[in-house]
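Results of the structural survey
As a plain string of letters, each chain reads:
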Amino acid sequence: MITMSGRRPLVWAPSLGPPDRVLTLLALALSGTGLLLVWSATRMEGDHGLLVRQAVSAGAGLVLMWLVSRVDLRVLRAYVPLAYVLALLSLAGVLSPLGVRVNGAHSWIVLAPGVRFQPSEFAKVALALAFAVPLGELLDGRRRPGFGGVLLALVLAAVPIALIGLQPDLGTMLVFAAMVAGALLVSGAPKRWLLVLALGAVGAAVAAWRFGLVRPYQVQRLLVLADPGADPGGVGYNAAQARIAIGSGGLYGKGLFNGEQTAGHFVPEQHTDFIFTVAGEELGFAGAALIVLAVFALLWRGLSIARRSASPYGTVLAGALVSWLACQTFVNVGMTLGLVPVVGVPLPFVSYGGSATVAGLLAVGLLQAVHRTKAMQP
């Protein structure tokens, strides 16, 4: 990219402000806790491969977090179109012969035997960057985005959401919807847009139910949510075992690596989507609450960064990132406690998963970039 002055923009920006060290420490603490819980959830299998892969993913994510945190937002914004197009191509790629189906969703691309990645995780980063452009580029002295900006932002969001719906991945669609709502809210867009979107979502849900577009297993999960005792040996098994594991931990837990439910693998996917059950059983209410408080503190720092951002673009970007992490945390913890249906989303920074881990730490790097970038010149 060449600027109007004829000079290439610097990727490394020595004029950036200092990083938010509390934000970094929280990300490190949560990632370290995740490694311990993944180790506990998988150690009885006698295979340390999952732990090693998670450690490698966390290490790669931390390096990328540090690199991105040192990039000026003006440079990042220049590469948004490329990131968005690559995200769409990768989402379309999962529907090709390169894609594989895991747990009912066609959400993965195989790069090599034993090596795969989930494009939807990185698409969250791309969507946050792209969505913030029309909402954060305020022209003619406006204090909030106009009709055209909001409409363009919704179109940019609709394409990846539609591709994810074809997989189908309901959990990721919920996260994307939360990102859209959060970005619109912090951008100052007219509240009627949020109302229209909410009504549209309700209408779409009713239509999907009415015309039989909701898959049978999704209906069964909703029924289990309404009646937790329904089908405890079938569709309700995961949720029932999750509540047993968490409840057995009591106030202070049974101790790390001492969980009987965890060691017996009574909870399926306990190292990924149900990692919170390991925390509940082995660390108890106190330890699980500390994890939630750490995530809450990280989100609070993110909101503070959004509020103090030197540009509307940074505000919207930070708002979208915080909404992503907040929605995933609520859904993940909520489904282990029986508060929301089981939809399969990881707990940020804690659950096993290379794509999710790297993408989550990239989000923290972007929050640091927003925090460190000084006032943007037109």
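As a reminder, the structure under discussion sits directly above these lines.
Nothing here was measured: the structure is a model prediction, and the numbers come from that model.

**Quick notes on the overall build of the protein chain**
Per the secondary structure count, the protein chain includes 14 helices and 3 strands. For the protein chain, the proportion of its 378 residues judged to be buried stands at 48%. Taking the contacts inside the protein chain whose residues are at least 6 apart along the sequence as the reference set, 72% of them involve residues at least 24 apart.

**Comments concerning the side chain of serine 187**
Structurally, the position occupied by serine 187 is in helix α7 (residues 170-187). Serine 187 sits in the buried class, given a relative accessible area of 9%. Once residues lying within four places of it in the same chain are set aside, the contact partners of serine 187 are Leu135, Arg144, Pro145 and Val316.

**A few points about α7**
The end-to-end C-alpha separation of α7 is 26 Å, in line with the 26 Å expected for 18 residues at 1.5 Å each. Residue glycine 188 follows α7 closely and has a positive phi angle near 85 degrees.

**Some words on the packing of aromatic side chains**
Tallying each qualifying case throughout the model produces 3 aromatic pairs. Judged by centre distance (5.0 Å) and plane angle (65 degrees), the ring pair of tryptophan 39 and phenylalanine 257 falls under edge-to-face. Here phenylalanine 257 lies in the loop between α10 (237-248) and α11 (260-263) and tryptophan 39 lies in helix α1 (residues 21-42), a separation of 218 residues in the sequence. Owing to a relative accessible area of 24%, phenylalanine 257 belongs among the partly exposed residues under this scheme. Relative to tryptophan 300, the ring of phenylalanine 296 has its centre 6.3 Å away and its plane inclined at 25 degrees; by these criteria the two rings are stacked. Residue phenylalanine 296 and its partner tryptophan 300 are located together in helix α12 (residues 275-308), separated by 4 residues, close to a single helical turn. For the pair shown, phenylalanine 296 and tryptophan 300 are each scored as exposed. Sitting over the face of the ring of tyrosine 313, arginine 77 holds its NZ or CZ atom 5.6 Å from the ring centroid.

**Description of the environment of phenylalanine 285**
Within the secondary structure, phenylalanine 285 sits in helix α12. Overall, phenylalanine 285 belongs to the exposed group, its relative accessible area being 58%. Along the primary structure phenylalanine 285 and isoleucine 246 are separated by 39 residues, whereas in three dimensions their C-alpha atoms are 8.1 Å apart.

**Here we look at α1**
In this model α1 runs 32 Å from its N-terminal to its C-terminal C-alpha over 22 residues, within 8% of the 32 Å that 1.5 Å per residue would give. Turning to α1, the residues buried within the fold contact α2 (49-69), α11, α12 and α14 (354-372).

**With respect to the nonpolar core**
Counting 93 residues, the largest nonpolar core has Phe131, Leu298, Leu317 and Trp324 as its most contacted members. Tallying contributions element by element places helix α13 (residues 312-336) first for this core, with 13 residues. Those residues in contact with tryptophan 324 that sit more than four places away from it in its chain are Glu121, Lys124, Val125, Val175, Met179, Ala359, Gly360 and Ala363.

**Structural notes on the environment of glycine 255**
Tracing the sequence through the fold places glycine 255 in the loop between α10 and α11. Considering only alpha carbons, one finds glycine 255 and alanine 279, 24 residues apart in sequence, at a separation of 9.6 Å.

**Things to note about the packing of α1 against α2**
Following both chains from N to C, one finds α1 and α2 inclined at 170 degrees, their axes separated by 9 Å at the closest point. Taken together, the axes of α1 and α2 lie roughly antiparallel to each other. Residue-level inspection shows Thr24, Ala27, Leu28, Leu35, Val38, Trp39 and Thr42 of α1 in contact with α2, the latter providing Leu50, Leu51, Gln54, Ala55, Leu62 and Met65. When the residues that make up the contact of α1 with α2 are grouped by side-chain class, the tally is 10 nonpolar, 3 polar and no charged.

**Here's the deal with unusual backbone geometry**
Most peptide bonds adopt trans geometry, and most residues besides glycine take a negative phi value. Despite not being glycine, glutamate 269 has its phi angle at roughly 55 degrees, a positive value. Structurally, glutamate 269 is set in the loop between α11 and α12. Given a relative accessible area of 32%, glutamate 269 falls into the partly exposed group. Phi angles above zero are rare outside glycine, and phenylalanine 349 is one such case at about 70 degrees. With respect to the secondary-structure elements, phenylalanine 349 resides in the loop between α13 and α14. Judged by relative accessible area, which is 5%, phenylalanine 349 ranks as buried.

**A few points about the environment of leucine 194**
Structurally, the position occupied by leucine 194 is in helix α8 (residues 191-210). Through-space distance from the C-alpha of leucine 194 to that of alanine 181 is 6.8 Å; in sequence the pair is 13 residues apart. Here leucine 194 is in contact with Ala181, Leu184 and Leu185, once residues within four sequence places are set aside.

Cut-offs used in this document
Residues numbered from 1 in each chain as written. Predicted model: local features only at pLDDT ≥ 70, side-chain atom pairs only at ≥ 80, totals over all residues. Heavy atoms only, no water. Helix = DSSP H or I, 4+ residues; strand = E, 2+ residues; numbered from the N terminus. Buried < 20%, exposed > 50% of the residue type's maximum accessible area, 1.4 Å probe, protein only. Contact = heavy atoms within 4.5 Å. Expected span 1.5 Å × (residues − 1). Phe/Tyr/Trp six-rings, centres within 6.5 Å; stacked < 30°, edge-to-face > 60°. Lys NZ or Arg CZ within 6 Å of the ring centre and 35° of its normal. Core = buried A, V, L, I, M, F, W, Y, C linked by side-chain atoms within 4.5 Å. Axes fitted to C-alpha atoms, helices over the stretch in contact; angles between N-to-C directions. Parallel < 35°, antiparallel > 145°, perpendicular 65-115°, else oblique. Nonpolar A, V, L, I, M, F, W, Y, C, P; charged D, E, K, R; others polar.

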